[in-house]
Amino acid sequence: MNIDQTGRRSWTRLRRINHSIASLWPTGTELVADLPMTHRSVPADALAPPPAPAPSLSAAAGRLAASAADLDVLLHAGQGQATRGLSLVGQGMALLDWGVHMANAPFQATALGLQAAVQMARLPAAALGGTMISPPPSDHRFADPAWSQPPFSVLSQSFLLMEEWLAQVAARPAGVSRGNQRVVSFLFRQLADIVSPSNLPWLNPEVIRTTTACGGRNFLHGLVHMLADLRDLTAGNSRPSHGFRIGQDLAATPGQVVLRNELIELIQYTPTTSAVRAKPVLIVPAWIMKYYILDLSKTNSLIRYLVDQGYTVFAISWRNPDAAMRDTTMDDYRIRGVMAALDAVTDVCGGQRVQACGYCLGGTLLSIAAAAMARDGDDRLASMTLFCAQTDFTEAGELQLFITEDQLAFLDDVMRVQGYLDSRQMAGSFQLLRANDLIWSRMIRSYMLGEPEHPSDLMAWNADGTRMPARMHSEYLHRLFLDNELAEGRFPASGRPVALNDIHVPLFVVATETDHIAPWRSVYKISLLNDSDLVFVLASGGHNAGVVSEPGHPHRHFRLARRVAGGLYVPPDEWQAKAAKRPGSWWPAWVQWLDEQAGPPSEPPPLGSKRYAPLEAAPGRYVHEH
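Quantities reported herein were computed from a predicted structural model and do not represent experimental measurements. (Residues numbered from 1 in each chain as written. Predicted model: local features only at pLDDT ≥ 70, side-chain atom pairs only at ≥ 80, totals over all residues. Heavy atoms only, no water.)

Caption draft 1: Expanded view of the sheet that holds strand β13 (residues 534-539). Spatially, β15-β14-β13-β12-β7-β6-β4-β5-β2-β1-β17 is the arrangement adopted by the 11 strands of the open sheet, whose pairing is mixed. Edge strands, defined here as strands with exactly one partner in the open sheet, are β15 (581-583) and β17 (616-617). Contacts between helix α20 (residues 587-598) and the sheet are confined to β4 (281-284), β6 (354-359), β7 (381-387), β12 (507-512), β13 and β14 (557-563), with β7 contributing the most and set at about 165° to the helix. (Pairing = 2+ DSSP bridges. Helix = DSSP H or I, 4+ residues; strand = E, 2+ residues; numbered from the N terminus. Contact = heavy atoms within 4.5 Å. Axes fitted to C-alpha atoms, helices over the stretch in contact; angles between N-to-C directions.)

Here you go:
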């Protein structure tokens, strides 16, 4: 074989590798096609088509760097599939930050070790005579009475002491960045949860008692439940629907879809009263959830409740995006979502001003839209209601664990390949935040005790996940959570920044006591950013259960206080101490407030209008997208 044949075959092989690599990503970038060809032994007819004039070496190096970056994106996307979108590098750097500072504080480390030794030495006597430490009210792992009796009391007390000690260790020493300290505390908490004696069937007295009573059949039932979960996970479903049907059992309030575009369907609900309030209500749910969280069963549907109170109600149903919507922006959601819906509502209702209501990130988006409307002289809003919606993200709760430069850069790479963020990737983060309730307790009940899950409409809704368009999701994570642009007056709408203090309509703001997604003190910050007439409500429950809090629901309470326009600021803890606790649901108080802005009763408007003719019966098409 001569030199020319060898060179021809090597070059042909190199070109095949180049084209194979280039086919891995949509940019079409090639690694070697533009490199200058200097090997004289390769004949010109071996290259097809003939090479263009050779670019400079710096241009070729730039192409090579870009291609390497694309390969890194593919690598990160593969890692994201395995880690549910979590960056292991960021967590490793947090541990390194903590570890270096702890190594440089040997006296604190020694004191913590001695403290642990003293507590453990007291443990046997204390466990026999009574509890040394009690778990928080939200921790039900050791609720069974057997955990307070030897020998299980020694196990539970040892674990609780270790858990408390790990929390103290994670909080020290000084010098660790606040974000890294939160990550380390989170990781130590996950480690403690894994080794809890309640998770081990031979150490859990409830599992031992059940196994003895039923001869081990509980584990057979648990195996069946585990296989069913694995089947659903393989099929792409985090949990089954539990037999609830959309349009019949859920999202069943009658109405018509009067608008459909590439982002939303707008539902107008059929009136149930002979007269309605003049000003309609427009509901803007978050796009990270299906809208029917506010239209569950007949007994706990907020939408049905509003209709029965004599309101003309409209609700946005967001589309479940796919990879084709990867470039959809936050401003697209404002314009094609909130503003398009507002155009339709005012047309159907004869130009009446609208009482708008936003839930979670839907409330944040509504706040942006309202600020832009005020800036532009659009006065179509009569009032604004926010449910568990943050406008300042400096204290955004435990979600800040996953909102770091490293984590968002990693997530951007995952979404760049997928075109969206999958609901399972989001659900993984939320489950880790409440691992005791959503992972370990469920594992014990379902797999060890063999108990079937008791289906509920809220569980069925929670299993009906949605996706996030890549660009929009990246924008709101970076601009809202990480950079806090909305609170600082830098968030743009149609290319110009908006200010929340420009909003001059009455506000009704609801937060919930145990919300780990939108902590109530964070929601309360709207009182710092806007000086309009403001009613603030603090309701019992969490992010979802505190909102789905219908009249007659047991064990519910709320606090309510009003700040007049231009009134003085009251700090949140002082507000909580002064606002009296009221039993029951906050829904009637909200309707009473809506009535203040609603105008005189009138005949119900028709379903749709000439411009917005009804398209099909509620709940429409988009709610069925999976």
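Caption draft 2: Quick peek at the side chain of S301. Inspection of the secondary structure puts S301 in the loop between β4 and α9 (302-308). A polar contact of 2.6 Å, which involves the side chain of S301, links it to the side chain of D295. S301 has contacts with T253, L294, D295, L296 and W587, leaving out every residue within four places of it along the chain. (Polar contact = N/O pair within 3.5 Å; in protein donor to acceptor, adjacent residues only side chain to side chain.)

Caption draft 3: Just the packing of helix α12 (residues 405-418) against helix α16 (residues 470-482), in detail. Orientation of α12 relative to α16, taken along the N-to-C sense of each, is 170°, at an axis distance of 10 Å. What the angle tells us is that α12 and α16 run roughly antiparallel. Within the contact between the two elements, α12 uses E405, L408, L411, D412 and M415 and α16 uses A470, H473, S474, L477, H478 and L482. Considered class by class, the residues forming the contact of α12 with α16 number 6 nonpolar, 3 polar and 2 charged. (Parallel < 35°, antiparallel > 145°, perpendicular 65-115°, else oblique. Nonpolar A, V, L, I, M, F, W, Y, C, P; charged D, E, K, R; others polar.)

Caption draft 4: Representation of the packing of aromatic side chains. If you walk through the whole model with that rule in mind, you get 24 aromatic pairs. With 5.3 Å between their ring centres and 85° between their planes, W98 and F188 make a pair best called edge-to-face. Here the residue W98 occupies a position in helix α3 (residues 88-103), and F188 occupies one in helix α6 (residues 178-194), the gap between them amounting to 90 residues. Residues W98 and F188 agree in their burial class; the two are buried. Taking the centre distance of 6.1 Å and the plane angle of 50° together, the rings of Y476 and F481 count as tilted. Taken as a pair, Y476 and F481 share a single burial class, namely buried. When the ring centre of F491 is taken as reference, the NZ or CZ atom of R479 above it lies at 5.9 Å. (Phe/Tyr/Trp six-rings, centres within 6.5 Å; stacked < 30°, edge-to-face > 60°. Buried < 20%, exposed > 50% of the residue type's maximum accessible area, 1.4 Å probe, protein only. Lys NZ or Arg CZ within 6 Å of the ring centre and 35° of its normal.)

Caption draft 5: Here's a closer look at the nonpolar core. Counting residues in each nonpolar core, the largest one holds 123 residues, and the members touching the most others are L266, L282, W287, Y476, W586 and W590. Per-element accounting of this core gives the leading share, 10 residues, to helix α10 (residues 330-348). Residues within four places of W590 in sequence aside, it is in contact with L302, L306, C357, T385, F387 and F508. One finds W147, F152, L160 and L161 within the second-largest nonpolar core, a separate group that totals 24 residues. (Core = buried A, V, L, I, M, F, W, Y, C linked by side-chain atoms within 4.5 Å.)

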